[in-house]
Amino acid sequence: MKNTFDSEDRIMDNSGMNAGSSTAMNAMAISALILGALAFPFSVALTNIALGVVLGMSLLSGQWLSGCLLLWKRHRLFLGVLSLYLSWVLLGLLWSSNPRNGLAVLGHHWFWLLLPALAALLRERRTCNRVLMALSFGLTLHLGYCVLQALGMVHVSTDGSSMRNATGHIGHIGFGFVYAVWGAWMLHLGLHLKRKPWRWACLFLALWSAVEVFMAQGRAGYVLMLMLMLVVLGRWGAQRFGMARMLGMLGGMSLMVTLALGLGPAHERITGTWLAWQHQAEHAKTKSAKFAANSLQQRVKVLRAAWELWREHPWLGVGTGSFLSQARPVYARMFRERLQLAHPHNQYLLVLARWGVGGFASLLLLYAVWLWQGWRMDWSAYWTAPLMFLPGLALVIDGLFSISMEQHFSAVLAVLLLGAAFASASARSMTGIADTCS
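All values derive from a computational prediction rather than experimental measurement.

For the rest of this paragraph, the subject is the overall build of the chain. When helices and strands are counted, the chain shows 18 helices and zero strands. Going through the 438 residues of the chain one by one, you find that 52% of them count as buried. Partitioning the contacts of the chain with sequence separation of at least 6, the portion at a separation of at least 24 is 72%. Accessible surface computed for the chain: about 20,300 Å², of which carbon and sulfur atoms make up 66%.

Looking now at the environment of Val 131. Positionally, Val 131 belongs in helix H7 (residues 125-150). On the accessibility criterion, Val 131 (4% relative accessible area) is buried. Taking the C-alpha atoms as reference points, Val 131 and Ile 34, separated by 97 residues in sequence, lie 5.0 Å from one another. Apart from residues lying up to four places away in sequence, Val 131 is in contact with Leu 33, Ile 34, Ala 37 and Leu 122.

Turning our eyes to something else, we now look at the pattern of salt bridges. In this structure the tally under the stated criterion is four salt bridges. Put simply, Arg 333 and Glu 312 hold a salt bridge, and the shortest N to O gap is 2.7 Å. Here Arg 333 is found in helix H14 (residues 323-335), whereas its partner Glu 312 is found in helix H13 (residues 287-312), with 21 residues between them in sequence. The exposure class of Arg 333 is partly exposed, given its relative accessible area of 44%. For Arg 354, the salt bridge identified is with Glu 406, shortest N-O distance 2.9 Å. With Arg 354 in helix H15 (residues 347-376) and Glu 406 in the loop between helix H16 (386-398) and helix H17 (408-426), this residue pair connects regions lying 52 residues apart in the sequence. What makes Glu 406 buried here is its relative accessible area of 6%.

This part is about the packing of H16 against H17. At their nearest, the axes of H16 and H17 sit 8 Å apart, and the two run at 150° to each other. Looking at the two axes, H16 sits roughly antiparallel to H17. Seen along the crossing, H16 lies across H17 with a hand that is left-handed. Residues Leu 387, Met 388, Pro 391 and Leu 395 of H16 touch H17, and the partners they reach there are Ala 414, Leu 417, Leu 418, Ala 420, Ala 421 and Phe 422. Counted by class, the contact of H16 with H17 contains 10 nonpolar, no polar and no charged residues.

This part is about a nonpolar patch on the surface. Residues Met 28, Ile 49 and Val 53 make up a contiguous nonpolar surface patch of roughly 270 Å² in combined accessible area. In this structure, Ile 49 sits in helix H2 (residues 44-61).

Structurally, His 75 can be placed in the loop between helix H3 (63-74) and helix H4 (76-91). The class for His 75 is buried, based on a relative accessible area of 13%. Setting aside chain neighbours within four positions, we find His 75 in contact with Leu 70, Gln 373 and Phe 422.

For H16, with 13 residues, the first-to-last C-alpha span of 18 Å sits near the 18 Å given by 1.5 Å per residue. With 12 of 13 residues buried, H16 lies mostly within the body of the structure. Turning to H16, its buried residues number three or more, namely Pro 386, Leu 387, Met 388, Phe 389, Leu 390, Pro 391, Gly 392, Leu 393, Ala 394, Leu 395, Ile 397 and Asp 398.

Rules used in this analysis
- Residues numbered from 1 in each chain as written.
- Predicted model: local features only at pLDDT ≥ 70, side-chain atom pairs only at ≥ 80, totals over all residues.
- Heavy atoms only, no water.
- Helix = DSSP H or I, 4+ residues; strand = E, 2+ residues; numbered from the N terminus.
- Buried < 20%, exposed > 50% of the residue type's maximum accessible area, 1.4 Å probe, protein only.
- Contact = heavy atoms within 4.5 Å.
- Areas by Shrake-Rupley, 256 points an atom, 1.4 Å probe, with all protein chains shown as cover.
- Salt bridge = Lys/Arg side-chain N within 4 Å of Asp/Glu carboxyl O.
- Axes fitted to C-alpha atoms, helices over the stretch in contact; angles between N-to-C directions.
- Parallel < 35°, antiparallel > 145°, perpendicular 65-115°, else oblique.
- Left-handed = near helix turned anticlockwise from the far one by under 90°.
- Nonpolar A, V, L, I, M, F, W, Y, C, P; charged D, E, K, R; others polar.
- Patch = residues over 30% accessible without salt bridge, like charges linked within 9 Å, V, L, I, M, F, W, Y side chains within 5 Å.
- Expected span 1.5 Å × (residues − 1).

Right, here's the structure in full:
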């Protein structure tokens, strides 16, 4: 009997120690997640380290596996199509002519492994709120930093970020994506929250984001901001049936867009784009207009080369990591010049060239399921409900201009917000958005 009791005591002690260590690892993962969300717009290295800690701690504590089971139970279709798409990244190494570069491409997709961990760690409303508040606080500080940069008071060495193109530490590639998604969510909260201080604060942040994107970002940012905010306004108007108010909001937004397009770099970039489209790039007068015209001409050439490369390898593509080495001779043959861009700045054509029709179909299927499930959610039930649809739509649109599925800022933001949306949807105790700040 004594031996039996001793063995039971040891089992209870080990169970208590395991529970205690698991709790400590979860707390460490949550703290790292908050740090990563806060540092997200300022430091790629610090964000990667923090998210790496989140992934490691969630694997050790079992939260990652718990998140996988949660996603399999509640979002099985989405998890399946996401896994199908990511499998092409790995399988494409088998027929790649440059597997070393393919491993680098594989490394650009590691953020998607965080999704199960986030779905498990953010199920508690308080934890989810703290992480999203940290992200919003960091993005707000970064907007202020961009204003200081535009005034010449701070200097940034990030590519595509300058006094005239003030995109802070994010740079011009991801700036429009990040602030279009976040600004549209702020607009949604401003339209739904009851407390006026919170409402006006969110509306101000939405407006500030839009102004910064139109003053500092290129053409993709304009399209993203317009489309996402129109979706939010349209959905809100359909729920409220307030046509007069809806028309007023649309009129105010149209005025804001008109003013933004008529001022500074936005007007010059659009002028350059139009001249390039009309094959009159030589008539561009300002530096920004010339840059926009030359940029569009280069991208159109790379798009044509990517299309030709796919036609030569229609079924399986050239493999993961082989695009640049395979596209160079095609580009030189077509245009008698050296290829200067590393990718076609188009997610769809890159996937076609890499993995052929199978990879392309998996990407379209992923986007279709993503948008369908995000649109079906009741956006007034949870304050995080739009965080599934908005990043998905942004990826669909931005994919026409960039390779956003594997770029740091767009991929990390999409994963963070998608994880929060999944976690909130699974938490039955989550209060409605109307009660959150009432």
